[in-house]
Amino acid sequence: MIDKVHILALKSIKDLSVECSKLNLFVGTNSSGKSTFLHALLALTQSSLNGKYISIGDFREVRNYYMPNSSIKIEILEKGKTKPAWVEFVEDKENEAYKVCTSSDDISVIELSLGEEYDDQEQSDLLLEDFGFHYLSCHRMGVNDIYAKNMLNDSDFGIDGEYALAYLLQNEGMIVDDNLVVKDTDFTNTLLDQVNYWLNDIIGTTLYISDLKKTNYLQVKYNNNPANAVSEALYCRPVNVGSGISYLISIIILCLGAESDSVIIIENPEIHLHPKAQSKLCEFLYFVSQSGRQLFIETHSDHIFNGLRVGVANRSMKQEDISVNFFAMNEQYETQCNPIIFKEYGKIVGTNEDMDIDDLFDQFEIDLNRMFGLLKKESTKENGLLFE
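Residue numbering note: each chain is counted from 1, following its sequence as written. Restriction of local features to residues with pLDDT of at least 70 applies here, the model being predicted, together with a cutoff of 80 or more for giving and counting side-chain atom pairs; totals for whole chains, interfaces and linings are based on all residues. Only hydrogens and water are set aside; all other atoms, that is, all heavy atoms of the structure, feed into the side-chain values.

Quick look at the sheet that holds strand β3 (residues 23-28)
Put simply, the test is: Strands are labelled as partners when DSSP assigns at least two bridges between them. What counts as a helix is a DSSP run of H or I of at least four residues, what counts as a strand is a run of E of at least two, and both are numbered from the N terminus. Axes, fitted as lines to C-alpha atoms, cover a helix only where it is in contact. Angles between the N-to-C directions of the axes lie from 0 to 180 degrees.
Strand order in this open sheet of 7 strands is β7-β11-β12-β3-β13-β14-β15, and the pairing throughout is mixed. Edge positions in the open sheet fall to β7 (133-136) and β15 (348-350), since each of these has one partner strand only. In this sheet, neighbouring strand axes are inclined to one another by 20° on average, regardless of whether the strands run parallel or antiparallel.

Let's talk about the environment of E344
Topologically, E344 is positioned in the loop between β14 (335-342) and β15. For the pair E344 and R309, spaced 35 residues apart in sequence, the C-alpha separation works out to 9.5 Å.

Comments concerning helix α7 (residues 275-289)
Rules: A helix is expected to span 1.5 Å for every residue after the first. The buried label goes to any residue with under 20% of its type's maximum accessible area, the exposed label to any with over 50%, and the partly exposed label to all in between, with areas taken from a 1.4 Å probe on protein chains only.
For α7, spanning 15 residues, the distance from its first C-alpha to its last is 21 Å, which sits close to the expected 21 Å at 1.5 Å a residue. Those residues of α7 not exposed but buried are A277, Q278, L281, C282, F284, L285, Y286, V288 and S289.

Regarding the packing of helix α5 (residues 191-203) against helix α6 (residues 243-257)
Keep this limit in mind: Angle categories are assigned with fixed cut-offs, so that under 35 degrees is roughly parallel, over 145 is roughly antiparallel, 65 to 115 is roughly perpendicular, and the rest are oblique. Handedness of a helix crossing follows the sense of rotation of the near helix relative to the far helix, less than a right angle counterclockwise being left-handed and clockwise being right-handed. Two residues form a contact once any of their heavy atoms are found within 4.5 Å. Classification used: nonpolar for Ala, Val, Leu, Ile, Met, Phe, Trp, Tyr, Cys and Pro, charged for Asp, Glu, Lys and Arg, polar for all others including Gly.
In contact at an axis separation of 10 Å, α5 and α6 are set at 135° when each is read in the N-to-C sense. By the angle class used here, α5 and α6 are oblique. Along this stretch, α5 crosses α6, giving a crossing that reads as right-handed. Packed against α5, whose contacting residues are L191, Q194, V195, W198, L199, I202 and I203, the element α6 presents I245, L248, I249, I252, I253 and L256 at the interface. When grouped by side-chain class, the residues that make up the contact of α5 with α6 number 12 nonpolar, 1 polar and no charged.

Things to note about helix α8 (residues 302-313)
Worth spelling out the cut-off: The arc in question is traced by the directions running from the helix axis to the C-beta atoms. Counted as a polar contact is a pair of N or O atoms within 3.5 Å, where, for protein atoms, one must be capable of donating a hydrogen and the other of accepting one, and residues adjacent in sequence contribute only when both atoms are in side chains.
The terminal C-alpha atoms of α8 lie 16 Å apart, and with 12 residues this matches the ideal 16 Å at 1.5 Å per residue to within 8%. For α8, the complete set of buried residues consists of I304, F305, G307, L308, G311 and V312. The buried residues of α8 occupy one face: seen down the axis, they fall within an arc of 155°. Those residues of α8 hidden inside the fold are in contact with β3, α7, β13 (322-329), β14 and β15. Two or three places before H303, at the opening of α8, S301 has a side-chain oxygen 3.2 Å from that residue's backbone nitrogen. Where α8 terminates, the next one or two residues include R315, which has phi positive at roughly 65°.

What follows is the structure in structure tokens.
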């Protein structure tokens, strides 16, 4: 499990360290650095600024504006280790490019010099693309009549969740890890049934998946009435049940199918979901984080944020297993982080004394005050007209 992330000179981040836990939530206004933090983890995993997970541009384009002579460096420290794993992007001015150095390069040099395998128990490992690392972007697959069933490999869910349903079709009878199984008399411990348990719990539906023989496609249908579960004919096409379900399903399949000790990054899990479903989804994400899978979640949802507040307040969630990080820009347009903790009755406390917590899901309060006339009227000018 990643215990700490340190980022140097990447986009709006000059020098930032973030303490991590089992479930890591990143909140803040647009363009405050949340995505940059996730991009750092993705760049470290692919050892490139442009690769499988992200393509963010030329070196000079993404190096921090105030640090023209610095390299870009990303470090992760694993729990129980003393040495970080790292990737460093160093400018190659002569060729208008950059060189890549990693902590694994140093290990290779040591192995060669010793003439034997080098094993440093204190050295953190780099994240691996092909095993134990998964990323779901905010551009997830939505409503389709049919989905591709060809996968790149057996554990590939797709960056946009495009292979999630193919994974489910291929592994529907797989027994889910015990620490990820919810015991319920209506659902077995197979992957398909556990997916359906959470679909039903979060959004009140279940799915039926079928292989379209002699094609490269599969079909999925949804059922909003549990009484119809035995009748395939009463299941609806995705287009007829609301788009939120289609955006949700890849999250559930990925989290239940990911290997133990995986690092999972999910952008905006709340897309097209009703507030009640967002709150329920928060419970699911916390549940998954207790199974040995570490989650990094970027969100603009106050319902997911408040779901954690409620969980800590009623003691169904542990504060020490949750890391909530509020990102904001300072006057120099540099990303700052204010780690948030929840006190008794869900009270929000920022632990960075140099930052306030303005813009931390306070718009509802602001709007209420405006409705009750507790805020001064603001004058705005649009199309030459003055409004108050």
